[in-house]
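# Fold and contact review
Here are the chains, one letter per residue:
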Amino acid sequence: MLTCLQGSRLIDPSAPGAKPGGEVADLWWRDGRFVSAPESGTVADQIIDGSGCITMAGGIDLHTHIGGGKVTLARMLLGDQMPPWREATRFAGEDAASCEFLPSASVTASRYLDMGYTTCFEPAVIPCNARSAHAEMADVRGLDTGGYCLLGNDDVLLRLIADDEPQEVINAYVAWMVQATRCIAVKVVNPGGINAFKFNQREMDVDTQHPKYGITPGQIIRTLCRAVSEIGLRHPLHVHCSNLGVPGNIESTLATIRAADGYPIHLTHAQFHSYGAEGPYKFSSSAAKLADALKANPNVTLDVGQIQFGQTVTISADAMHQYDNRNLAKPRKSVLLDIECEAGCGVVPFKYARREFVHSLQWAIGLELFLMVDDPSRVFLTTDHPNGGPFTAYPHLIALLTDRSLRETALAEIHSDAAAASSLAGIDREYSLDDIAVMTRSAPASI
Ligand SMILES: [Zn+2]
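Calculation rules
- Residues numbered from 1 in each chain as written.
- Predicted model: local features only at pLDDT ≥ 70, side-chain atom pairs only at ≥ 80, totals over all residues.
- Heavy atoms only, no water.
- Donors = N, O, S within 2.8 Å, 3.2 Å for Na, K, Ca; no water.
- Helix = DSSP H or I, 4+ residues; strand = E, 2+ residues; numbered from the N terminus.
- Buried < 20%, exposed > 50% of the residue type's maximum accessible area, 1.4 Å probe, protein only.
- Axes fitted to C-alpha atoms, helices over the stretch in contact; angles between N-to-C directions.
- Parallel < 35°, antiparallel > 145°, perpendicular 65-115°, else oblique.
- Contact = heavy atoms within 4.5 Å.
- Domains from an automatic or database assignment.
- Buried area = accessible area lost by both parts, 1.4 Å probe.
- Salt bridge = Lys/Arg side-chain N within 4 Å of Asp/Glu carboxyl O.
- Polar contact = N/O pair within 3.5 Å; in protein donor to acceptor, adjacent residues only side chain to side chain.
- Nonpolar A, V, L, I, M, F, W, Y, C, P; charged D, E, K, R; others polar.

### Considering the coordination of the zinc ion
Metal coordination angles in their ideal form are 109.5 degrees for the four-donor tetrahedron and 90 or 180 degrees for the six-donor octahedron. The zinc ion binds to the protein through His63 (NE2), His65 (NE2) and Asp384 (OD), with metal-donor distances spanning 2.1 Å. One chain supplies every donor to the zinc ion, and in sequence these donors are spaced H-x1-H-x318-D. Of the two residues, His65 sits in the loop between β6 (59-61) and α1 (69-77) while Asp384 sits in the loop between β18 (379-380) and α13 (394-402), which places them 319 residues apart along the sequence. By relative accessible area, which is 3% here, Asp384 ends up buried.

Encoded structure:
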């Protein structure tokens, strides 16, 4: 069947010869494959009126928790808190956070498809749980899904590094794990820290020695970055840095970049890792330092993990930091567990509030990162769903990035000390639709 989408604005800045802002044109496909415009006079079997609409490639979310044991645990923990899903209603911003922070698989699929997304990656597939993670993602119907295999806290890898085994041995192990788990990339969460937590370590910086293996997170990062590169995975090592959420953790984040030793590295939910410890609250923005580090290190990409105000639930393999966060749980209950010695898991419900200085500054830091990294192919749109907020906030977030006046209105509503401490008010930049297409489509496709 030959179909023609007539008269929409086609935006694909990655296409050869693409004009800024795209152009209004017809788009043809036959039996599910795009084709060149046929000879004039050809009549399509189906015509779709696209006038007034924008057409982009399908969106790709490279970090969203849509499958696996942690998501299920969070739904079980919060079953009595979940309001009924209001299918017919569309939410934005805070409302989305309060109503839809952990949708079911079918609602997840329909919300992503509504937003023009076609592909999603679960970033924390614990190897022994890979089968169930893929089974759960298969329920997210209509989306292409994939996963990143979690390594770097498993005893096998830590022992191989501690025993100074040759890189080829480690490469073979990493390749086997990626193959066995049917994943497309490798993720490391708080390198070595989740394992060290089991030996009663409660803090771990990039150069801290593991209490049992004697190796450091920096060694784990370097070894895994190299393995991922040498076995030929396209996506760089996906890194949740040490010291998540800790004031002053920008130093750990910069040390993580140094540890990669020039190998490609992707820093995930970078907002949670861009904190200084200055000012009266001993909590400040270091977004500018991270943006400068990106400029100086072309091997680095990041996604933001923007927060949204309202209720959500944090689900992380980072048992060390979820153990600290359990005291902040709202409602006051949480789950922490070990998973077959391969990783950990912490589920902590959480409410981001505008009246809180720290939450307000976290919100501003995320937007600063989006706006200070001037290359939209190296910074990706995520809320680390559902950790910073639900993915359903993306349209609202895109509006904040493309409209400075909306940003100023939102800035006036957050904690006034946080607004004053942030440099957001002085940033004029507005994303174009080309920038949005690069950030959410072509750039995640290429990595
Ligand atoms: Zn995450």
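Now, onward.
### A short note on the packing of helix α5 (residues 155-162) against helix α8 (residues 217-230)
α8 packs onto α5 with a crossing angle of 95 degrees between their chain directions and a minimal axis gap of 11 Å. As far as their axial angle goes, α8 and α5 are roughly perpendicular. Contacts between α5 and α8 involve Leu157, Leu158 and Ile161 from the first element and Gln219, Ile220, Thr223 and Leu224 from the second.

### Regarding helix α9 (residues 250-259)
Along α9, eight of the 10 residues are buried, which leaves the element largely enclosed by surrounding structure. Here α9 has its buried residues at Ile250, Ser252, Thr253, Leu254, Ala255, Thr256, Ile257 and Ala259. Residues of α9 that are buried in the fold lie against α8, β10 (237-240), β11 (265-267), β12 (275-276), α10 (287-296) and β14 (300-303). Where α9 terminates, the next one or two residues include Asp261, which has phi positive at roughly 60 degrees.

### Digging into the side chain of Thr216
Structurally, the position occupied by Thr216 is in the loop between α7 (193-197) and α8. Thr216 sits in the buried class, given a relative accessible area of 15%. Non-local contacts of Thr216, meaning those with residues more than four positions away in its chain, are made with Val206, Asp207, Thr208 and Gln209.

### Description of the domain arrangement of the chain
Split into domains, the chain comes out as domain 1 (2-55) and domain 2 (59-446). Domain 1 and domain 2 are separated by 35 Å when their C-alpha centres are compared. Between domain 1 and domain 2, the contact holds eight residues from the first and five residues from the second. Surface buried jointly by domain 1 and domain 2 totals about 430 Å² across both partners, of which 73% is contributed by carbon and sulfur atoms. Looking at the side of domain 1 facing domain 2, the largest losses of area belong to Ile11, Pro13 and Ser14, adding up to 70% of the total buried there. Taken together, the links from domain 1 to domain 2 amount to zero salt bridges. Applying the counting criterion to the domain 1 and domain 2 interface returns one residue pair in polar contact (both at pLDDT 80 or more). Considered class by class, the residues forming the side of domain 1 that touches domain 2 number four nonpolar, three polar and one charged.

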